[in-house]
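Structure at a glance
Below are the chains, spelled out letter by letter.
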Amino acid sequence: LSKAYELFLAGKDDQYVKLEEQFVASFENKNVLIRDQIEAFEQRNNSLTQEIEAVKGRSAYLPELEAKKKEFHAEYQKFKYLLDELKKHRDQLKSKVDARSAELDKLRA
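Residues numbered from 1 in each chain as written. Predicted model: local features only at pLDDT ≥ 70, side-chain atom pairs only at ≥ 80, totals over all residues. Heavy atoms only, no water.

1. A word on the overall build of the protein
- Broken down by element type, the protein carries two helices and zero strands.
- Taken over C-alpha atoms, the radius of gyration comes to 44 Å for the protein, far larger than the 13 Å a tight globule of 109 residues would show.
- With 109 residues in all, the protein has 3% of them scored as buried.
- Per element, the accessible surface of the protein, about 10,400 Å² overall, is 58% carbon and sulfur.
- Charge centroids of the protein, computed over 21 positive and 21 negative side chains, lie 15 Å from each other. (Helix = DSSP H or I, 4+ residues; strand = E, 2+ residues; numbered from the N terminus. Rg over C-alpha atoms; globule rule 2.2 N^0.38 Å. Buried < 20%, exposed > 50% of the residue type's maximum accessible area, 1.4 Å probe, protein only. Areas by Shrake-Rupley, 256 points an atom, 1.4 Å probe, with all protein chains shown as cover. Lys, Arg positive; Asp, Glu negative; His and termini not counted. Charge placed at Lys NZ, Arg CZ, Asp CG, Glu CD.)

In structure tokens, the structure reads:
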């Protein structure tokens, strides 16, 4: 910058113009790089926003899943209870069959 000012004061307009064009080109290149970075950040920001919305959508579904889980657990407990009752009934019937078989064996003997 001081070099450009010296050239300007010295009246070396051609060199001053070239130096000024170099400055302009340098700043334009930096502007392009910064614009590219901004665009990349905006794309990443949009991507993250979409991911956040997807997560929010899944979290909205969570209470429904928890309700289904409770319902399935209650049904499982009912099924388990019924299975235990059937096993008890089976065991009682087996005991009756064994007792009657023993009676029958005594009567045959």
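2. Details of a nonpolar patch on the surface
- Together, Tyr 61, Leu 62 and Leu 65 give the surface a local cluster of nonpolar side chains, amounting to about 260 Å² of exposed area.
- Within the element layout of this structure, Tyr 61 appears in helix α2 (residues 13-108). (Patch = residues over 30% accessible without salt bridge, like charges linked within 9 Å, V, L, I, M, F, W, Y side chains within 5 Å. Salt bridge = Lys/Arg side-chain N within 4 Å of Asp/Glu carboxyl O.)

3. A word on the environment of Ala 109
- Among the structural elements, Ala 109 can be located in the segment after α2.
- Separated by 27 residues in sequence, Ala 109 and Leu 82 place their C-alpha atoms 40 Å apart.

4. Quick look at the pattern of salt bridges
- Under the counting rule described, the total for this entry stands at six salt bridges.
- One salt bridge connects Asp 91 with Arg 90, and the closest N-O pair in it is separated by 3.6 Å.
- Judged by relative accessible area, which is 52%, Arg 90 ranks as exposed.

5. A closer look at the environment of Ala 102
- On the secondary structure map, Ala 102 appears in helix α2.
- In this structure the C-alpha to C-alpha distance between Ala 102 and Gln 92, which are 10 residues apart in sequence, comes to 15 Å.

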